[in-house]
Amino acid sequence: MPLQKPAFPPPQEPPSWRNGDLDHLLDELKQHLQTAIILEMYTIPLYLFAAYSIKDSPKSTYLFLSVVKQEMLHMGLAGNILCSIGGTPKTYGPNYTPKYPREIFFEPIEMKLLRATRDHVQSFVNLEKPMSPQVQLMSLDEPLLTEYHSIGQFYQEIDAGLRILNERFNKAGRQLFQPHTFTKQFQTADGSWYDPDMAVITDIDVATSALHIIITQGEGATGEDISSGIWSHYQVFKTLHDQHELDCYNIVENPVTSEFEGLKIHPVMVLSDATYSYLLMTIEILWQYDGNLRGRLVTNNIMNIMLNAIKPVALFLVARPALEGSSNPTNEQQAKFGEKHAAPAFNRHDFGANPFQELKDIAQKALAAYPEDRRLQEVAKYVRELIDLSQLH
């Protein structure tokens with residue numbers, strides 16, 4: 001039976017951008033861009049999970065992580081475009097945060113959290129495979145497609161929608177790109193991003209250039225050469241697939257944190273989910289906040305969580321059998337986990353009224369389960385240094 005699609009309702013067919021009410025079409029474009037954010041976001045845990053499963057191949061791990069870095073750039077660019085036209089990008093919540101296993105939008109490609117076997121890397125090759133160059137849909141008065149058949153077609157339609165609506169807004173004496181959003185976008189100028197390709201979307205030229213980066217590097221690629229010489233994701237994964245089989249930990253597939261309840265390792269699984277969820281909350285709020293803490297939100301929260309929380313906790317988990325140290329696992333847990341190692345679940349953690357305090361408490365509970373572990377000691381320290389999102393005004 002086919003896997004479910006992500007929860008967010010994506011557009012099913014291209015709108016007729018040249019006709020119809022402008023405000024309605026603006027909402028359609030916002031839905032397309034939120035879908036693009038979710039598309040990019042779904043790949044990040046997918047590739048991180050595979051990277052952390054590798055035992056001892058620094059070069060292969062680096063290649064996986066290089067793609068993750070670009071996917072974060074793509075998510076940020078898609079969010080900036082959505083923000084620039086008055087939208088509110090979302091990354092945290094039941095309809096937005098990734099859940100696995102799922103089937104990607106528009107294509108019958110499964111997304112599963114599995115170790116980096118050659119067979120699994122082939123699924124990444126399929127996901128990132130270039131599409132054949134298509135007719136430029138923006139040149140047509142009516143859409144060529146009655147429904148989307150590929151991610152590439154979907155991204156082409158976003159490009160068409162941006163160009164046509166910008167033209168129509170200008171003729172109507174309106175602005176598609178909203179100046180009040182320029183200080184709320186990810187950018188290098190205020191320290192809210194680290195990559196020079198991250199652009200503040202101020203007009204149609206910048207918007208389409210940003211979209212071109214997403215398309216040529218990633219899932220919407222058409223097989224064109226990239227002038228910068230940077231490998232596309234397809235090229236990276238094809239190289240990884242064609243090399244020798246990687247030595248990976250025998251980790252639990254598509255882990256669900258609640259299924260580990262009662263096991264010694266469960267508090268660390270919860271910590272993994274909570275730090276990941278706090279990261280997504282931080283990313284989302286940066287598209288709404290333009291105060292003087294933007295730079296620190298990146299260094300203290302985004303960078304700290306990625307490098308000093310998610311990564312060490314993931315490496316802690318994959319190195320330990322799921323049942324290790326547990327005196328009374330259930331029959332279901334014994335049957336499901338056996339000799340397999342734990343792994344980061346990338347499940348959405350539902351925070352209560354005070355997420356920051358809750359995260360600190362979760363870190364202390366994980367440390368209490370393994371009080372001598374230096375990595376968890378360091379994670380608890382870094383968690384205490386995060387910025388409390390509830391204090392932003």
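Analysis parameters
Residues numbered from 1 in each chain as written. Predicted model: local features only at pLDDT ≥ 70, side-chain atom pairs only at ≥ 80, totals over all residues. Heavy atoms only, no water. Core = buried A, V, L, I, M, F, W, Y, C linked by side-chain atoms within 4.5 Å. Buried < 20%, exposed > 50% of the residue type's maximum accessible area, 1.4 Å probe, protein only. Helix = DSSP H or I, 4+ residues; strand = E, 2+ residues; numbered from the N terminus. Axes fitted to C-alpha atoms, helices over the stretch in contact; angles between N-to-C directions. Parallel < 35°, antiparallel > 145°, perpendicular 65-115°, else oblique. Left-handed = near helix turned anticlockwise from the far one by under 90°. Contact = heavy atoms within 4.5 Å. Salt bridge = Lys/Arg side-chain N within 4 Å of Asp/Glu carboxyl O. Nonpolar A, V, L, I, M, F, W, Y, C, P; charged D, E, K, R; others polar. Phe/Tyr/Trp six-rings, centres within 6.5 Å; stacked < 30°, edge-to-face > 60°. Lys NZ or Arg CZ within 6 Å of the ring centre and 35° of its normal. Expected span 1.5 Å × (residues − 1).

Trainee: Explain the nonpolar core here, please?
Mentor: Buried together is how nonpolar side chains tend to be arranged in soluble globular proteins. Counting residues in hydrophobic clusters, the biggest one holds 130 residues, and the most contacted among them are F64 and Y155. Considering every element that reaches this core, the biggest residue donor is helix 1 (residues 22–53), with 19 residues.

Trainee: Got a minute to help me understand the packing of helix 8 (residues 294–318) against helix 11 (residues 374–384) in this structure?
Mentor: Geometry of a packed helix pair, given as the angle between the helix axes and the separation of the axes. Where helix 8 meets helix 11, the closest approach of the two axes is 10 Å, and the angle between their N-to-C directions is 150°. With respect to each other, helix 8 and helix 11 are oriented roughly antiparallel. In terms of crossing hand, the pair formed by helix 8 and helix 11 is left-handed. Packed against helix 8, whose contacting residues are N304, N308, A309, P312, V313, L315 and F316, the element helix 11 presents R375, L376, V379 and Y382 at the interface.

Trainee: Would you explain the pattern of salt bridges in this entry?
Mentor: Side chains carrying opposite charge are able to pair once their charged atoms draw close together. According to the stated counting rule, one finds 12 salt bridges in the structure shown. E103 serves as the salt-bridge partner of K5, at 2.9 Å between the closest nitrogen and oxygen. Of this pair, K5 sits in the segment before helix 1 while E103 sits in strand 1 (residues 102–103), placing them 98 residues apart in sequence. Judged by relative accessible area, which is 34%, K5 ranks as partly exposed. Accessibility expressed as a relative area gives 13% for E103, which makes it buried. The salt bridge partner of R174 is D23, with a shortest N-O separation of 2.8 Å. With R174 in the loop between helix 4 (151–171) and helix 5 (204–217) and D23 in helix 1, the pair connects residues that are 151 residues apart, well separated along the chain. A relative accessible area of 39% places D23 in the partly exposed class. Among the charged side chains, a network of salt bridges with common partners joins R18, E167 and K171.

Trainee: Looking at this model, I keep getting lost on the packing of helix 7 (residues 266–286) against helix 10 (residues 355–369). Mind explaining?
Mentor: Two numbers describe how helix 7 lies on helix 10: the axes approach to 8 Å, and their chain directions differ by 155°. Classified by the interaxial angle, the pair formed by helix 7 and helix 10 is roughly antiparallel. The crossing of helix 7 and helix 10 is left-handed. In contact with P267, V268, V270, L271, A274, T275, Y278 and M281 of helix 7, helix 10 contributes P355, F356, L359, I362, A363, K365, A366 and A369. Residue composition of the contact of helix 7 with helix 10, by class: 14 nonpolar, one polar and one charged.

Trainee: Teacher, can you tell me more about the packing of aromatic side chains here?
Mentor: For any pair of aromatic rings, the description rests on two quantities: the centre-to-centre distance and the angle between the ring planes. Here the structure, examined in full by the defined rule, presents 16 aromatic pairs. For the pair F186 and W287, a centre-to-centre distance of 5.0 Å together with 85° between the ring planes defines the contact as edge-to-face. Residue F186 is found in the loop between helix 4 and helix 5, and its partner W287 is found in the loop between helix 7 and helix 8; the two are separated by 101 residues along the sequence. With relative accessibility at 0%, the residue F186 sits in the buried group. When the ring of Y278 is compared with that of F356, the centres are 6.4 Å apart and the planes differ by 35°; the resulting orientation is tilted. Of the two residues, Y278 sits in helix 7 while F356 sits in helix 10, which places them 78 residues apart along the sequence. Following the ring pairs from residue to residue traces out a cluster consisting of Y47, F64, F124 and F237. A cation sits over an aromatic face here: R320 above Y370, 5.9 Å from the ring centre. One residue, K381, lies across the ring of Y382, its end atom 4.2 Å from the ring centre.

Trainee: Before we go on, may I ask you to explain helix 2 (residues 58–84) in this structure?
Mentor: Because an α-helix completes one turn every 3.6 residues, residues spaced three or four positions apart along the sequence face the same direction. Here helix 2 spans 38 Å end to end across 27 residues, near enough to the 39 Å set by a 1.5 Å rise per residue. Burial analysis of helix 2 places 21 of its 27 residues in the buried class, the great majority of the element. One or two positions beyond helix 2, positive phi appears at G86, with a value near 95°.

Trainee: Whenever I open this one, the environment of Y194 confuses me. Can you help?
Mentor: Among the structural elements, Y194 can be located in the loop between helix 4 and helix 5. Residue class for Y194 comes out partly exposed when judged on its relative accessible area of 33%. In sequence terms Y194 and H24 are 170 residues apart; their C-alpha atoms lie 35 Å from each other. In this structure Y194 touches K69, M72, T188 and M303, once residues within four positions along its chain are discounted.

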